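Listed below are the residues making up each chain.
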Amino acid sequence: MGDLFLVRHGETEWSRSGRHTGWTDVPLTEHGREEARRLVPMIRSHRIGAAFVSPLQRARETAELIGLRDFRIDADLHEWDYGGYEGVTTVQIHRERPDWFLFTDGVAPGPPEHPGESPEEVGERADRILAKVDAAHANTEGCVVLVAHGHFLRVLTARRLGLPASEGAHFQLATGTLCRLGTEHGRPVIAAWNVRPGP
């Protein structure tokens, strides 16, 4: 189990306003592009063995801006399917469901093509990605990089640590940041979290 680097895509208009952005394919803002570019020295300082990227344009553009070239697009890296809460902010949801919490309650049902996912379903996707990460580590030298989305990467971190998907709630993750999951005495650990380069 080698080092696993997680990159959350840069800012979008929807992430800036707090709207849940699952399948809606919104682009990066110019600030989001700059957030990504600032990660380049941090990425270049490591040997990359493999990289996997969400198919959504905000993740693909982030991957390109941080200097990744030979990456695989993987649909399992897409953001949580927010179902009926797509495009809606937490503040708006709390007007009708004051105690609602994504990581335990999931989402309201959406249209047939985007019905929504439970925390456990997102966790199952994260487990599939982690199996691919482990296979990449077994077949290549260097670290593995994932470029994806905030809520999904939080669930994936919980699963890497052997925790239920709902425990992803404890790992706040900002746009345009880098995290490193490593090992200590053979056990998975968070080695760095929510890192941005200095000014």
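Refer to the preceding data block for the structure.
Here the structure is a predicted model, which is why all the values come from computation and not from measurement.

K.L.:
Got a sec to walk through the overall build of the chain? Specific residues and values, please.
P.N.:
Along the chain, the regular secondary structure elements total 8 helices and 6 strands. Counting from the amino terminus, the chain carries its helices and strands in the arrangement β-α-α-α-β-α-β-α-α-α-β-α-β-β. In terms of overall dimensions, the chain is globule-like: its C-alpha atoms have a radius of gyration of 16 Å, near the 16 Å expected for 199 residues. Projected onto its principal axes, the C-alpha coordinates of the chain cover approximately 50 × 35 × 30 Å. A buried classification covers 48% of the 199 residues belonging to the chain. Across the chain, every contact between residues at least 6 apart in sequence was considered, and the portion connecting residues at least 24 apart equals 67%. Just so you have it, the chain exposes about 9400 Å², and 49% of that area is on carbon and sulfur atoms. Counting 23 positive and 28 negative side-chain charges, the chain places the centres of these two groups 5 Å from one another.

K.L.:
Give me the lowdown on the nonpolar core, citing residues and values where you can.
P.N.:
Core analysis: the largest hydrophobic core is formed by 31 residues, its most contacted members being Leu4, Leu6, Trp80, Val144, Leu146, Phe152 and Leu156. Where this core is concerned, the elements lending two or more residues are β1 (4-8), β2 (48-53), α6 (102-105), α7 (119-139), β4 (143-148), α8 (150-160) and β5 (178-184). Per-element accounting of this core gives the leading share, 6 residues, to α7. Setting aside residues up to four positions removed in sequence, valine 144 forms contacts with Asp3, Leu4, Phe5, Ala50, Phe52, Val133, Ala136 and His137.

K.L.:
Before we move on, can you summarise the environment of leucine 39 with the specific residues and values?
P.N.:
Locating leucine 39 in the fold gives a position in the loop between α2 (30-37) and α3 (40-44). A relative accessible area of 0% places leucine 39 in the buried class. Aside from chain neighbours lying at most four places away, what touches leucine 39 is Val7, Ile66, Gly176, Thr177, Leu178, Val195 and Pro197.

K.L.:
Could you give an account of the sheet that holds β5, naming the residues involved and the relevant values?
P.N.:
Read across the open sheet, the 6 strands follow the order β3-β2-β4-β1-β5-β6; overall the sheet is mixed. Bordering the open sheet on either side are β3 (72-73) and β6 (187-195), each of which pairs with just one other strand. Alignment of β5 against β6, held across 6 bridges, turns out to be antiparallel. Paired with glutamate 184 across the bridge in β6 is arginine 187. On the sheet, helix α4 (residues 57-65) packs against β1, β2, β3 and β4 and is oriented at approximately 140° with respect to β4.

K.L.:
Outline the side chain of arginine 160, listing residues and values.
P.N.:
Among the secondary structure elements, arginine 160 is positioned in helix α8. Within the structure, the side chain of arginine 160 is placed 3.1 Å from the side chain of aspartate 134, a separation counted as a polar contact.

K.L.:
Got a sec to walk through the pattern of salt bridges? Specific residues and values, please.
P.N.:
All told, the structure shown has 15 salt bridges when counted by the stated rule. Residue arginine 37 pairs with glutamate 34 through a salt bridge whose shortest N-O separation is 3.5 Å. Note that arginine 37 and glutamate 34 are positioned in helix α2 at a spacing of 3 residues, about one turn of the helix. Of the residues examined, arginine 37 reaches a relative accessible area of 34% and is grouped as partly exposed. Close ionic contact of lysine 132 with aspartate 76 constitutes a salt bridge, the shortest N to O distance being 3.2 Å. Residue lysine 132 is found in helix α7, and its partner aspartate 76 is found in the loop between β3 and α5 (90-96); the two are separated by 56 residues along the sequence. A relative accessible area of 26% places lysine 132 in the partly exposed class. Through salt bridges with shared partners, a single network forms among Glu30, Arg33, Glu34, Arg37 and Glu61.

What counts as what
- Residues numbered from 1 in each chain as written.
- Predicted model: local features only at pLDDT ≥ 70, side-chain atom pairs only at ≥ 80, totals over all residues.
- Heavy atoms only, no water.
- Helix = DSSP H or I, 4+ residues; strand = E, 2+ residues; numbered from the N terminus.
- Rg over C-alpha atoms; globule rule 2.2 N^0.38 Å.
- Buried < 20%, exposed > 50% of the residue type's maximum accessible area, 1.4 Å probe, protein only.
- Contact = heavy atoms within 4.5 Å.
- Areas by Shrake-Rupley, 256 points an atom, 1.4 Å probe, with all protein chains shown as cover.
- Lys, Arg positive; Asp, Glu negative; His and termini not counted.
- Charge placed at Lys NZ, Arg CZ, Asp CG, Glu CD.
- Core = buried A, V, L, I, M, F, W, Y, C linked by side-chain atoms within 4.5 Å.
- Pairing = 2+ DSSP bridges.
- Axes fitted to C-alpha atoms, helices over the stretch in contact; angles between N-to-C directions.
- Polar contact = N/O pair within 3.5 Å; in protein donor to acceptor, adjacent residues only side chain to side chain.
- Salt bridge = Lys/Arg side-chain N within 4 Å of Asp/Glu carboxyl O.

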